[in-house]
Amino acid sequence: MSSGRRSRQASSSSRINDDQITELISKLRQSIPEIRQNRRSNTVSASKVLQETCNYIRNLNKEADDLSDRLSQLLETIDPNSPQAAVIRSLINE
Amino acid sequence: MKEEFLKKWQMGLQIYRPLIDNTSVSERRKAIKLSADVAMASLRKGTTCWSRALIQKTATEDNFLVRQMLSGIKAETLINKKLPKVMCHRKIVRRSKKILRRRQSRSAIEEVAAKARKLVKKKTQGLRNVVPGGEFMSNDVLLIQETLDYIVSLQTQVNVMRSIVDAAEAGSERTAYYLGKLKFAIEDG
């Protein structure tokens, strides 16, 4: 009997969570440029949104790594008198 | 938010300034990335799970940097604060789900719905692997809220870094143009 009550409670709270999750997933859909630009279908499945989100986050991190790489290369090769050096110096000195 | 990020990132890079001339490219790259991550996470002032997890993770790689960058924002508590242990005990959940399933009769529609739910579960697990601290977020609602915030912060980090690097790589004639654009982009927020 108690387990019956428990399962009923679980399903009602999961109903509330389902609404929240649907709303959050639609927010995610708006944040992912991949999906926002594909206006063809109005309904993008939740799992696709989640998949695209994972990919998007991975790509952002990869781009940050790549940018750090380029910046560190620049510091290596830059001519201290060039305007590029001035930009970096202002970045570091400010 | 872009301006705040840039200021914090600059602060982190300044800590490395004496070393910049004498370290290898890969060490420099790591320093740049780490200070960018701490800058991004510190903007949240410990209010989100992902930012706390990211700070702790960075602290294990470079404790000195994190302490310096966070001095004044309760550095000690952020680094040492235990992340909430809300991990589900998978065996127990699996067992109780099995019992529930045996009691329910399955129509075709229920089968499809169950498959869809399973797929979503798999994808949210993927999300947990990508968001810092995700493994501690057993609540799906929390997970997605944190993801949204993390994405916004990551976008800021990448946009600012991209502007700086583009400006720095530009030729002398275009540097002035890029500097103006950079200033505008950052103030645009």
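Residues numbered from 1 in each chain as written. Chains lettered and ligands numbered in written order. Predicted model: local features only at pLDDT ≥ 70, side-chain atom pairs only at ≥ 80, totals over all residues. Heavy atoms only, no water.

(A) Up close: the overall build of chain A. Of the regular secondary structure elements, chain A holds four helices and zero strands. From first element to last, N terminus to C terminus, chain A shows the α and β order α-α-α-α. Counting over 94 residues, chain A shows a buried share of 32%. Here chain A displays about 6,100 Å² of accessible surface, and carbon together with sulfur accounts for 45% of that area. (Helix = DSSP H or I, 4+ residues; strand = E, 2+ residues; numbered from the N terminus. Buried < 20%, exposed > 50% of the residue type's maximum accessible area, 1.4 Å probe, protein only. Areas by Shrake-Rupley, 256 points an atom, 1.4 Å probe, with all protein chains shown as cover.)

(B) Quick look at the packing of helix α7 (residues 108–130) of chain B against helix α8 (residues 140–169) of chain B. Residue and element names in this part refer to chain B. Running from N to C, α7 and α8 cross one another at 50 degrees; their axes reach a closest spacing of 11 Å. One finds that α7 runs oblique with respect to α8. Here α7 and α8 pass one another in a crossing that is left-handed. Facing α7, whose interface residues are Lys-121, Thr-124, Leu-127, Arg-128 and Val-130, α8 presents Asp-140, Leu-143, Thr-147 and Tyr-150. (Axes fitted to C-alpha atoms, helices over the stretch in contact; angles between N-to-C directions. Parallel < 35°, antiparallel > 145°, perpendicular 65-115°, else oblique. Left-handed = near helix turned anticlockwise from the far one by under 90°. Contact = heavy atoms within 4.5 Å.)

(C) Region of the structure containing the environment of Ile-15 of chain B. All names here are of chain B. Relative to the assigned elements, Ile-15 resides in helix α1 (residues 2–20). C-alpha of Ile-15 to C-alpha of Lys-118: the two residues are 103 residues apart in sequence and 47 Å apart in space. Among all residues touching Ile-15, those that are not within four sequence positions of it are Phe-64, Leu-65, Gln-68 and Met-69.

(D) Looking closely at the packing of aromatic side chains. Residue and element names in this part refer to chain B. Enumeration over the complete set of coordinates arrives at two aromatic pairs over all chains. Here Trp-50 and Tyr-150 contribute two aromatic rings whose centre-to-centre distance is 5.0 Å and whose plane-to-plane angle is 55 degrees, an arrangement assigned as tilted. Here Trp-50, found in helix α3 (residues 49–61), pairs with Tyr-150, found in helix α8; they are 100 residues apart in sequence, far enough to count as distant. The residues Trp-50 and Tyr-150 share a single accessibility class, namely buried. (Phe/Tyr/Trp six-rings, centres within 6.5 Å; stacked < 30°, edge-to-face > 60°.)

(E) Fine view of the nonpolar core. Ile-57 of chain A together with Phe-5 and Trp-9 of chain B are the most contacted members of the largest nonpolar core, which has 56 residues in total. With near-sequence residues (within four places) excluded, Phe-5 of chain B lies in contact with Ala-36, Ala-39, Met-40, Leu-43, Thr-156, Gln-157 and Val-160 of chain B. (Core = buried A, V, L, I, M, F, W, Y, C linked by side-chain atoms within 4.5 Å.)

(F) Layout of unusual backbone geometry. Although it is not a glycine, Lys-45 of chain B adopts a positive phi angle of roughly 50 degrees. Position of Lys-45 of chain B among the secondary structure elements: in the loop between α2 (25–42) and α3.

It is worth stressing that arrangement in space is one thing and function is another; only the former is reported here.
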